[in-house]
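# Fold and contact review
As a plain string of letters, each chain reads:
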Amino acid sequence: MSVVSSNYRVSPELAQKLGKVAVLLGGNSAEREVSLNSGSAVLNALLNAGVDAQAIDIKGNPLDCIKRVEFDRAFIALHGRGGEDGTIQGLLECLNKPYTGSGIMASALAMDKLRTKQLWQGVGLPTPPFVSLDGAGVETHYFESIAERLGLPLSVKPAREGSSIGIKKATSVDELVQAYNEAAEFDAQVLIEKWVEGPEFTVAVLDGKALPVIGLSTDHVFYDYDAKYLADDTHYYLPSGLDADKEQEISKLSELACESVGCKGWARVDVMQDDAGEFWLLEVNTAPGMTDHSLVPMAAKHAGITFEELVVRILEDTLKTPNESSSL
Ligand SMILES: Nc1ncnc2c1ncn2[C@@H]1O[C@H](COP(=O)(O)OP(=O)(O)O)[C@@H](O)[C@H]1O
Ligand SMILES: [Mg+2]
């Protein structure tokens, strides 16, 4: 899908209310390249829509980068640690600058797949059974008992990464040990969870309401980094292929998944479906991709919302709701 530019322009009144917008992009995480693409697509859309916007590349010390530019509000197009985990949100709170998306708490929580899953379990939302290892005293026999307890295959992932970085499917105990060691290079906290064969779905949630569900399929073992950003043989299904009841069920589940974490503005929930038709929540992204391959713009387009309108709607939210600290 390409991001189609529309003739959508904001009214002069809205442009004035929005003031100077800083699009925060780049960042220092493993997802820097993806964020540069997301951010430039967002910046172009804002400029096309008649919003006074400029980019700030967050490279190195975020405070130094932000202080160089004068702005009234921020569109956060950063992904991963430092940008999607409450850090930049905290900095913007301190500077009293409104920003898009979730506040400090929900951003930090959603970045941590382990804590998110614990919370979902606590409120009775379905997420694949798992164990987490934090590197302390991990011994080989643990992996045997984990494989026995959860069953193979297993998904192994760093607790706080994105874009499928560091994720492996393990089909034997040997692969599990190797996958654990690889994931541990990205994060000391590693999550080992039951593999759910799929199909896979992703649900964008805008202002608390699910957009049309997207079904995904790939010839890769799973939806890995290449399948996400490089391959042209990844298939996206819109409509999702689910019947109306199931589409409604997964939409509601995704809305609850966001609400329970405390997300604000926009987010995207990744969900697997098992052989019995049951849905299992994998994670929620609080600053999802906005590249021309990205899923939220794809879902929005299906709902009749152009890329420009989507970007402005996400930004407009900063006018009506106070930042986290001011709402406490
Ligand atoms: N438990 C699982 N069962 C099956 N596939 C999984 C599982 N966990 C992750 N995956 C695959 O890995 C991809 C990335 O995992 P996800 O938890 O969404 O992390 P990321 O933050 O990297 O996107 C998913 O989109 C899915 O294809
Ligand atoms: Mg994901």
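Analysis parameters
- Residues numbered from 1 in each chain as written.
- Chains lettered and ligands numbered in written order.
- Predicted model: local features only at pLDDT ≥ 70, side-chain atom pairs only at ≥ 80, totals over all residues.
- Heavy atoms only, no water.
- 1 Å grid on protein atoms, 1.4 Å probe; cavity = no way out; pocket = protein on both sides within 12 Å on 5 of 7 lines; lining within 4 Å.
- Points joined across faces, edges and corners; volume = space filled by probe spheres on them.
- Helix = DSSP H or I, 4+ residues; strand = E, 2+ residues; numbered from the N terminus.
- Nonpolar A, V, L, I, M, F, W, Y, C, P; charged D, E, K, R; others polar.
- UniProt positions renumbered as here; feature names shortened; annotations may be inferred.
- Buried < 20%, exposed > 50% of the residue type's maximum accessible area, 1.4 Å probe, protein only.
- Contact = heavy atoms within 4.5 Å.
- Near = heavy atom within 4 Å.
- Polar contact = N/O pair within 3.5 Å; in protein donor to acceptor, adjacent residues only side chain to side chain.
- Areas by Shrake-Rupley, 256 points an atom, 1.4 Å probe, with all protein chains shown as cover.
- Sits in = over half its atoms within 2 Å of the grid points.
- Pairing = 2+ DSSP bridges.
- Axes fitted to C-alpha atoms, helices over the stretch in contact; angles between N-to-C directions.

The next point concerns the layout of surface pockets. Quantified by volume, the largest pocket comes out at close to 510 Å³. Around the largest pocket, the lining comprises 32 residues; the ones closest to its centre are E200, F222, Y223, M272 and L282. Elements with a minimum of two residues in the lining of the largest pocket: β5 (154-158), β7 (190-194), β8 (200-206), β10 (214-217), β12 (266-273) and β13 (279-285). Grouping the amino acids of the lining of the largest pocket by side-chain chemistry returns 11 nonpolar, nine polar and 12 charged.

In the numbering adopted here, UniProt assigns the feature "binding site: Mg(2+) 1" (unreviewed entry) to D270 and E283. Lining the largest cavity, from this annotated set, are D270 and E283. Taking relative accessible area as the criterion, D270 reaches 6% and is therefore assigned buried. Ignoring sequence-local partners within four residues, the contact set of D270 consists of F201, T202, W280, L281, L282, E283 and N285.

Moving on to the site of ligand 1. Taken together, 20 residues are adjacent to ligand 1, and K113, K157, S164, E200 and K228 come closest. Here S164 contributes a backbone N or O atom positioned 2.5 Å from an oxygen atom of ligand 1. K228 places a side-chain nitrogen or oxygen 2.8 Å from an oxygen atom of ligand 1. Here ligand 1 loses 99% of its free accessible area of 540 Å² to cover by the protein chains. The cavity where ligand 1 resides is the largest pocket. Elements supplying a minimum of two residues to the shell around ligand 1: β5, β7, β12 and β13. Grouping the amino acids of the shell around ligand 1 by side-chain chemistry returns seven nonpolar, four polar and nine charged.

Right, let's talk about empty space enclosed by the protein for a bit. The full count for this structure, using the stated rule, is two cavities of 30 Å³ or more. Contributing to the lining of the largest cavity are 28 residues, with E31, Y229, R268, N285 and G289 lying nearest its centre. Among the secondary structure elements, those contributing two or more residues to the lining of the largest cavity are α5 (104-111), α9 (225-229), β12 and β13. The class makeup of the residues in the lining of the largest cavity is nine nonpolar, 11 polar and eight charged. The space that makes up the second largest cavity amounts to roughly 50 Å³.

A few words on the sheet that holds β5. Strand pairing in a sheet relies on backbone hydrogen bonds. The paired strands run either parallel or antiparallel. Read across the open sheet, the four strands follow the order β4-β7-β5-β6; overall the sheet is antiparallel. In the strand order of this sheet, the two ends are held by β4 (130-133) and β6 (168-170), each with one partner. Neighbouring strand axes in the sheet, compared pairwise and without regard to direction, differ in orientation by 25° on average. Note that β5 and β6 share three bridges and pair antiparallel. Its bridge partner lying in β6, S155 is registered against K169. Relative to β4, helix α7 (residues 140-150) is tilted by about 160°, and along the sheet it contacts β4, β5 and β7.

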